[in-house]
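The chain contents come next:
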Amino acid sequence: MMFKAKIIQAAVVLIGTLSFTGPARAQQWQLVWADEFSNGISNDWVFETGNGSGGWGNNELQYYQRDNATVENGELVITARRESVADYNYTSARMKTQGRQQFRFGRIEARMKLPSGMGLWPAFWMLGSNIDSVNWPYCGEIDIMEHVNTDPTVHGTIHWQDHTDNYAYYGGSIDIDPTTYHVYSVEWNGEAIKWYVDGSLYHEANIAAGINGTDEFQNDFFLLLNMAVGGNWPGFDIDETQLPAQMRVDYVRVYQAGGSSSSSSSSSSSGAPFSRLVEAETYSAMSGVDTETTSDEGGGENVGWIDDGDWLAYAGIAVPYSGAYKVEYRVASPNGGVLSLDLNAGSIVLGTLPIAATGGWQNWRTLEQTVELTAGTYDFGIYAQTGGWNLNWWRLSSIGASSSSSSSSSSSSSASSASSSSSSSSSSSSSSSSSSSSSSSSSSSSSSSGASAQQCNWYGRLYLLCAASDYGWSWENNQSCIGRVTCEAQFGDGGVVGASSSSSSSGGSAGICNWYGTNYPLCVQTQNGWGYENGASCISLATCNSQ
């Protein structure tokens, strides 16, 4: 790749002391640009042609051409081939947003599936937009993801010209199975760049105040995707039995903090209405369910045979901005049941929803609940706490600023009734069983943090105790809370906990979180992730509960 001197070619210059005492602090992200590849490759990409200068500075062996980038089933496919073009024995593709989309700070991510083979070098990365005037490495480079050969390791690295006017780099890595889909991302601001795989932090670089000459990373950058064949890093022993090889990209998305955008994108979805309908049978994974022809309006299939504990998972669904969302479910049931909605294999339970009897397996009704979501990309799960219902579709729609984050269930629009004798009871979600069991549907995904004098241990999870309401769930100080009477009325060992009491299962107390054996203070202001308050690190209630 042009201007990509690799780790084996440079002396290491470390930048600052890094601490990994806990997860990264959560940020309120808003989607400002994306290419979902659902309608081909957008015009925001420019394609490189040829072999660059000296094999793009790395003695790479391939010839880049537009023909090697295609779209299949809504995914970008970059294919490396054994073919002779312009005196080169291999071809591939390299694409960039230079001159069309550039970004300064934010969360930049892509969901990808990588090939494995000697000589292959797929990458998702960024270069400083001023590269044509200052050249590399003065422009800076952020490698979001690189993988070489058959290694189980992916790498994240920055390259720059340091304060002594020498080339420098700083990188980290993590072992995964790169041949399966993963979300690779960086979160980048004026203080630091952090690398994640599937939301897990594995590397961090300090760039605050231009430390060690890192001023380059305060400027605009553009995106690149490519797959090289051979070069200084992967070597020149190409396993041609693995060709053609495909690098598959589900999407590329850029989020920025608080809706403010320093990007040149004209497609910012700042506050724009959002709605996505998901057909139930299009799950990415499931347990225990089956499909059948539906008599509901619109036809097609519904998911049925949903028993207790069955689930449905829907991968890679983008939430464009933080706030309140309405979730609708098209259900039918002769006797009723209970479902719960969660994120990322049950790690965040958004709430439960009772399903009333509709009069039959094909008598359809739309139910809804309201949840609070933080912008990002998630695997959604629908879990059958109590089975005995069919699901035709579900829909996620933005509703603006939230007045309450507790999940409310409201039956609405009883639609067409048609008879069917399907003995349904199924639904799969990447969720594991939900521990929230509430008469008023709790929303644990956004109930987030805040330590007070007293909290409620609600079936193993801590929630703020309401100051102005004794009954039910409410919304105070921008977070969910539960009334004292409702808290004390639950079954089991839960109830109001004070400064000297600890939660039975979450690891938290009124002011302390037991984070995998180490006690940390609970944050008062920080609602998600880790924070820094009153001169000390603290952990949010939501993050404490998620361990």
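Conventions adopted
- Residues numbered from 1 in each chain as written.
- Predicted model: local features only at pLDDT ≥ 70, side-chain atom pairs only at ≥ 80, totals over all residues.
- Heavy atoms only, no water.
- Helix = DSSP H or I, 4+ residues; strand = E, 2+ residues; numbered from the N terminus.
- Buried < 20%, exposed > 50% of the residue type's maximum accessible area, 1.4 Å probe, protein only.
- Contact = heavy atoms within 4.5 Å.
- Areas by Shrake-Rupley, 256 points an atom, 1.4 Å probe, with all protein chains shown as cover.
- Core = buried A, V, L, I, M, F, W, Y, C linked by side-chain atoms within 4.5 Å.
- Phe/Tyr/Trp six-rings, centres within 6.5 Å; stacked < 30°, edge-to-face > 60°.
- Lys NZ or Arg CZ within 6 Å of the ring centre and 35° of its normal.
- Pairing = 2+ DSSP bridges.

Engineer: Before we move on, can you summarise the overall build of the protein with the specific residues and values?
Structural biologist: Within the protein, the secondary structure is distributed over four helices and 38 strands. Relative to its 547 residues, the protein shows a buried fraction of 56%. In the protein, the proportion of contacts linking residues at least 24 apart, taken out of those at least 6 apart, comes to 73%. Carbon and sulfur atoms make up 45% of the accessible area of the protein, which amounts to about 20500 Å² in all.

Engineer: An account of the nonpolar core is needed here, citing residue identities and associated values.
Structural biologist: One finds Met112, Ile142, Leu225 and Val252 to be the most contacted residues of the largest nonpolar core, which totals 52 residues. In contact with isoleucine 142, other than residues within four places in its own chain, are Trp125, Met126, Thr157, Ile158, Val186, Trp188, Ile193, Trp195, Phe217 and Phe221. The next biggest cluster of nonpolar side chains, apart from the first, holds 32 residues, and it includes Phe274, Ile317, Leu343 and Tyr378.

Engineer: Mind laying out the environment of serine 347, listing which residues take part and the relevant values?
Structural biologist: Mapped onto the fold, serine 347 is located in the loop between β24 (337-343) and β25 (348-355). Using a relative accessible area of 30% as the deciding quantity, one classes serine 347 as partly exposed. For the pair serine 347 and threonine 543, spaced 196 residues apart in sequence, the C-alpha to C-alpha distance is 10.0 Å.

Engineer: Outline the packing of aromatic side chains, listing residues and values.
Structural biologist: Two descriptors summarise a pair of aromatic rings, namely the distance from one centre to the other and the angle between the planes of the rings. Taken as a whole and assessed by the stated rule, the structure comprises 14 aromatic pairs. When the ring of tryptophan 121 is compared with that of tryptophan 233, the centres are 5.8 Å apart and the planes differ by 85 degrees; the resulting orientation is edge-to-face. With tryptophan 121 in strand β9 (residues 120-128) and tryptophan 233 in the loop between β16 (221-229) and β17 (245-257), this pair connects stretches of sequence that are 112 residues apart. Here tryptophan 121 matches tryptophan 233 in class, with each residue buried. Within the aromatic cluster, the residues linked to one another by ring pairs are Phe105, Trp160, Trp188, Phe217 and Phe221. A cation over an aromatic ring shows up here: arginine 107 above the ring of tyrosine 196, its NZ or CZ 5.9 Å from the ring centre. For the cation-ring pair, arginine 253 lies above tyrosine 251, with the distance from its terminal atom to the ring centre recorded as 3.5 Å.

Engineer: Would you mind going over the pairing of strand β22 (residues 311-319) in detail, with residue names and values included?
Structural biologist: Burial within β22 is extensive, with seven of its nine residues counted as buried. The pairing of strand β19 (residues 285-287) with β22 spans three bridges and is classified as antiparallel. Opposite serine 287, over in β22, you have tryptophan 311 as the bridge partner. Across seven bridges, β22 lies against strand β27 (residues 376-386) in antiparallel orientation. From the neighbouring strand, tyrosine 314 faces β27, where its bridge partner is phenylalanine 380.

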